[in-house]
Amino acid sequence: MKKLLLPLTLLTAMTGSAMAAGNDVKVGVLLGFTGPIESLTPDMANSAELAFKEASDSSLLLGGKKIVPVRADSTCVDSAAATAAGERLISSEGVAAIYGADCSGVTGAVAKNVAVPNGVVMISPSATSPGLSTIKDNGFFFRTSPSDARQGQVLAAVLKSRGIKDVAVTYTNNDYGKGLADSFNNAFKAVGGKVSITAAHEDGKADYSAEVGALSAAGSKHLAVFGYLDQGGKGIIQASLDSGAFENFVLADGMIGDSLIKAIGKDLTGTVGTVPGGASKGAATYSDMAGKAGIKKDGPYVGESYDAGALIVLAMQAAGSADRAAIQSKIMMVANAPGEKIMPGEIAKGLKILAGGGDIDYVGATNVEFNEVGEVLGSFKEVEVKGGKFATIKIY
Amino acid sequence: MHSWGGRAVLTDVFDALILLSNFVIIPVLTYGSQLALGALGITLIYGILRFANFAHGDLMAFGTMVTVLMTWWLQSIGVGLGPLPTALLALPVAIAITIVMVLFIDKSVFKFYRRKRSAPALFVIASIGVMFVLNGIVRFIIGPNDQRFSDGERFIIKARAFKQMTGLNEGLAIKVSQGLTISIAFLLVVALFWFLQRTRTGKAMRAYSDNEDLALLSGINPERVVMVTWIITATLATIAGTLYGLDKSFKPFTYFQLLLPLFAAAIVGGIGNPLGAILGGYVVAFSEVSITYAYKKFLKYLVPENWEPDGLVQFLSTDYKFAVSFIILVLVLLIRPTGILRGRVI
């Protein structure tokens, strides 16, 4: 038995790698499976992998190849750990492209340190810092979620339409929080609003009553929280309600999730916020698909994740190979007009058209259309907490 | 809003006082009580075993972890205390397990150095080792994340209800965890002082702390004194940690961070002096909260209309909370190394 074991292992290892080289194409799935947004990432990864599965199951991708997703942990906050994870995907796993990363800080770090120098395409579904619009990416970094510069404007418009004129702002002390707070403050002042105080908060503290005390001293009735729902953002809201400092909250995308309502309870009723997403035809179709696959339909960034995954496989097909540079050269072509419009669930149709030498315009769940730096303008949902969940009020 | 009519002035003064109570006084009393219980443990070990126990923060984390696990188990079988948190029911078992743990640590680590009559510095280094081991055990068992284990009623008075009741602009919120912390801390301190002043064992402990050789000559069993000290320390640490966790949240790293304010409290009050530890706890808590609070709204109620301050009137940003305990620590060591009530010179 012992004698058999070694050759057997070798054989399995060899056939395994032979198969990977022959019929499988590896694609990295780099998200914060641990850390401040760990409650969101499983649904995001499942959405992207749904697109990969659709392509693999069609047997049309590059003449019948399968996509093998390789998951890695971006941690959302630790740039060194995320860079190491990206390095592993690119050098030891040999992925053709990377779907991810998620939070803005780590995404910028992975793009700058690993993906761009190695010529690997990265499509982030959720990195929204305005700073990422101007990084030197040689055309290798894309994102299917709009920059926060846009979210700040939409949020300011939402508050104006509701007659809210005076808010205190607190943001999580990182690229995402700072970028969003800056863009919101500018946009809100431009529409005639007043920001009484802007203060950062650190994630991972036991107690936020001191922060809340300072915020409430400025005298606003509404508190805008640009943080994370599993972290300091939740702590700030809890401490505000406990001390009676604020009862009305304004939230941005990082705070929108059912776990927040579960943690805080009915005191959150009436809270407004914005989250990327729209009422396009694709959104409804995708919502059905996601529901069937057991993915939370209204979860943040699930549609964007599906679209990022779909773009990777479609570009691969358009290039006719899983070569890294070839994928990069075709992303814009498959994402933008002209061409046959491709909706969610129609990846097989897209693959077929591309195989026949045709052109497609991927629309997907979120109306993907890239601008010249490879990011979408996007649409936003205004949401309000009603009856224990985030209900969509209006699309911007 | 501000006028000089009699009633309006009176409500303004009340509003200012309520505001200050809500954001400064009640949080300080709660946080101060938690620090006082923790600092008492540090000071007892320092007074009797004669070393600064760096493992104290993680001992609190260990005790709280046991409470959390017990609480979850009690919740899963449906046992609760109604409006009070189930954790109170879990506390005695957690204290017992923590006592077993510290006695085991003392036997396997500190006893060795005691027998060799090692220098205090060696004890301190050994306690840092114990700190890391406890740190690892807690993370291994319950993980590094935030854990919630509070249940029952959350509030004694809610801010909104207080406003409706009194008709004032400002609300006062008192959480159950705050009420519990303050009352339990008070009872424990009374019990501890009664024990130290009135019982034979307590007197033996004080004698041993004052002069080890004289105590030995008069027939006091040193190992027994050491054991009782550890038992009291473990009890205080578990209760302090659980109250802190109920009031805020349980996360191993924040307990490790508590070490700085705890030592500041023990040293400010006069290390080795139990009364000093309690005083120190409140002094540190009051400094941390009052220096980082923004007084704009408070002043707005008290000064005439156009004197309102433009800025927030905040001395330090809340990010500097830990720096406050550090500054206190340095100042006390420089100016009055014995602490407010004369303790030992560290």
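Fair warning: this is a prediction, and the values are worked out from it, not measured in the lab.

Caption draft 1: Molecular detail of the overall build of chain B. Broken down by element type, chain B carries 14 helices and two strands. Taking 346 residues into account, the globule formula puts the C-alpha radius of gyration at 20 Å, and chain B, at 22 Å, falls close to it. Here the C-alpha coordinates of chain B stretch approximately 75 × 55 × 40 Å along the principal axes. Relative to its 346 residues, chain B shows a buried fraction of 46%.

Caption draft 2: Layout of helix H2 (residues 41-57) of chain A. Residue and element names in this part refer to chain A. Spanning 17 residues, H2 covers 24 Å between terminal C-alpha atoms, matching the ideal 24 Å at 1.5 Å per step. Judged by how many residues are buried, H2 sits mostly within the fold: 14 of 17 residues are covered. Where H2 ends, the next residue or the one after it, Ser 59, has phi of about 55 degrees, a positive value.

Caption draft 3: Expanded view of the domain arrangement of chain A. All names here are of chain A. Segmentation of chain A into domains returns domain 1 (25-145 + 281-362) and domain 2 (149-269). Put simply, the middle of domain 1 and the middle of domain 2, counted by C-alpha atoms, are 30 Å apart. In this assembly, 14 residues from domain 1 lie in contact with 15 residues from domain 2. Taken together, the residues of the side of domain 1 that touches domain 2 break down into six nonpolar, seven polar and one charged.

Caption draft 4: Expanded view of the environment of A:Gly356. Residue and element names in this part refer to chain A. Looking at the element boundaries, Gly 356 is found in the loop between helix H13 (347-355) and strand E12 (360-362). In this structure Gly 356 comes out as exposed when scored by C-beta crowding, with 7 C-beta atoms within 10 Å. When the C-alpha atoms of Gly 356 and Thr 34 are compared, they prove to be 42 Å apart, with 322 residues separating the residues in sequence.

Caption draft 5: Local environment of the packing of helix H2 (residues 56-76) of chain B against helix H4 (residues 120-142) of chain B. All names here are of chain B. It is at 9 Å that the axes of H2 and H4 come closest, and there the two elements cross at 25 degrees. Considering the angle they form, H2 stands roughly parallel to H4. Crossing handedness for the pair H2 and H4: left-handed. Between H2, through Asp 58, Leu 59, Ala 61, Phe 62, Met 65 and Val 68, and H4, the contact on the second element is made entirely by Met 131, Leu 134, Asn 135, Ile 137, Val 138, Ile 141 and Ile 142. Classifying every residue of the contact of H2 with H4 by side-chain character gives eleven nonpolar, one polar and one charged.

Caption draft 6: Spatial organisation of the confidence of the model for chain B. Of all residues in chain B, 97% have pLDDT values of 70 or greater, and the mean over the chain is 90. Reported for the predicted complex are a pTM of 0.73 and an ipTM of 0.77.

Caption draft 7: How the structure looks around the sheet that holds strand E8 (residues 222-226) of chain A. All names here are of chain A. One open sheet accounts for seven strands, arranged E7-E6-E8-E9-E10-E13-E14; its pairing is mixed. Every interior strand has two partners, whereas the edge strands, strand E7 (194-201) and strand E14 (389-395), have only one. Shown here is a sheet whose adjacent strand axes are inclined to one another by a mean of 25 degrees, direction ignored. In the packing of helix H6 (residues 175-190) onto the sheet, contacts are made with strand E6 (166-172), E7 and E8, and the angle to E6 comes to roughly 165 degrees.

Caption draft 8: Representation of the interface of chain B and chain A in the model. On the side of chain A, 16 residues touch chain B, which itself brings 24 residues to the contact. Contributions of two or more residues to the side of chain B that touches chain A are made by helix H1 (6-48), helix H5 (159-166), helix H12 (274-292) and helix H13 (296-302) of chain B. For the side of chain B that touches chain A, the element with the most residues is H1(B), which contributes three residues. In the side of chain B that touches chain A, the residues fall into nine nonpolar, seven polar and eight charged.

Caption draft 9: Summary view of helix H9 (residues 222-247) of chain B. An ideal rise of 1.5 Å per residue puts 38 Å on 26 residues; H9(B) measures up with 37 Å between its terminal C-alpha atoms. In terms of burial, H9(B) is a largely internal element, 20 of the 26 residues being buried.

Caption draft 10: Quick peek at the pairing of E14(A). All names here are of chain A. Of the strand pairs in this sheet, strand E13 (residues 380-386) and E14 are connected by six bridges, and their pairing is antiparallel. If you follow Lys 386 over to E14, its bridge partner there is Lys 389. Counting the residues between successive antiparallel strands, the hairpin from E13 to E14 contains two residues, one of them, Gly 387, with a positive phi of roughly 55 degrees.

Caption draft 11: Highlighting the confidence of the model for chain A. Counting all residues, the mean pLDDT for chain A is 87, and 94% of those residues have values of 70 or more. Segment residues 10-20 of chain A: pLDDT under 50, and one contact once partners within four positions in sequence are set aside and those in other chains are kept.

Caption draft 12: Quick look at the packing of H2(A) against H13(A). Residue and element names in this part refer to chain A. Direction vectors running N to C along H2 and H13 enclose 55 degrees, while the axes themselves pass 9 Å from each other. When the axes of H2 and H13 are compared, the pair comes out oblique. Pair H2 / H13 crosses with right-handed handedness. Contacts between H2 and H13 involve Ala 51, Glu 54 and Ala 55 from the first element and Ile 347, Ala 348 and Leu 351 from the second.

Caption draft 13: Quick look at unusual backbone geometry. The omega angle of the peptide bond from A:Gly100 to A:Ala101 is -5 degrees, so this bond is cis rather than trans. As for its placement among the helices and strands, A:Ala101 is situated in the loop between strand E3 (98-100) and helix H4 (104-118). In this structure, the amide linkage connecting A:Ala337 to the following residue, A:Pro338, adopts the cis form with an omega of 0 degrees. Even without being a glycine, A:Ser59 presents a positive backbone phi close to 55 degrees. Here A:Ser59 shows up in the loop between H2 and strand E2 (66-73). Its identity as a non-glycine residue notwithstanding, B:Val313 has a phi of 55 degrees, on the positive side. Tracing the chain through its elements places B:Val313 in the loop between H13 and helix H14 (321-335). We classify B:Val313 as partly exposed; it has 15 C-beta atoms within 10 Å.

Caption draft 14: View of the sheet that holds strand E1 (residues 24-31) of chain A. Residues and elements named next belong to chain A. With parallel pairing, five strands are arranged side by side in an open sheet as E2-E1-E3-E4-E5. A single partner strand is all that each edge strand has here, and the edge strands are E2 and strand E5 (141-143). Mean inter-strand twist for the sheet, computed between neighbouring axes without regard to direction, equals 25 degrees. Bridging between E3 and strand E4 (residues 122-124) involves two bridges; their strand directions are parallel. Bridge assignment links Ile 98 to a residue of E4, and that residue is Met 122. Along the sheet, helix H3 (residues 79-92) contacts E1, E2 and E3; its crossing angle with E2, the most-contacted strand, is approximately 155 degrees.

Caption draft 15: A look at the environment of A:Asp148. Note on placement: A:Asp148 falls in helix H5 (residues 148-161). Linking A:Asp148 and A:Arg71, residues 77 residues apart in sequence, is a C-alpha distance of 26 Å.

Caption draft 16: Spatial organisation of the nonpolar core. Counting 224 residues, the largest nonpolar core has A:Leu311, A:Ile312 and A:Val313 as its most contacted members. Top element by residues in this core is H1(B). It accounts for 16 residues. Mapped onto the domain boundaries, this core takes at least three residues apiece from domain 1 (25-145 + 281-362) and domain 2 (149-269) of chain A. Excluding residues that lie within four positions of it along the chain, A:Leu311 makes contacts with A:Ile123, A:Ile331, A:Val334, A:Ala335 and A:Tyr362.

The rules we used
Residues numbered from 1 in each chain as written. Chains lettered and ligands numbered in written order. Predicted model: local features only at pLDDT ≥ 70, side-chain atom pairs only at ≥ 80, totals over all residues. Helix = DSSP H or I, 4+ residues; strand = E, 2+ residues; numbered from the N terminus. Rg over C-alpha atoms; globule rule 2.2 N^0.38 Å. Buried ≥ 20, exposed ≤ 12 C-beta atoms within 10 Å, placed from the backbone. Expected span 1.5 Å × (residues − 1). Domains from an automatic or database assignment. Contact = placed C-beta atoms within 7 Å. Nonpolar A, V, L, I, M, F, W, Y, C, P; charged D, E, K, R; others polar. Axes fitted to C-alpha atoms, helices over the stretch in contact; angles between N-to-C directions. Parallel < 35°, antiparallel > 145°, perpendicular 65-115°, else oblique. Left-handed = near helix turned anticlockwise from the far one by under 90°. pLDDT = per-residue confidence, 0-100. Pairing = 2+ DSSP bridges. Core = buried A, V, L, I, M, F, W, Y, C linked by C-beta atoms within 7 Å.

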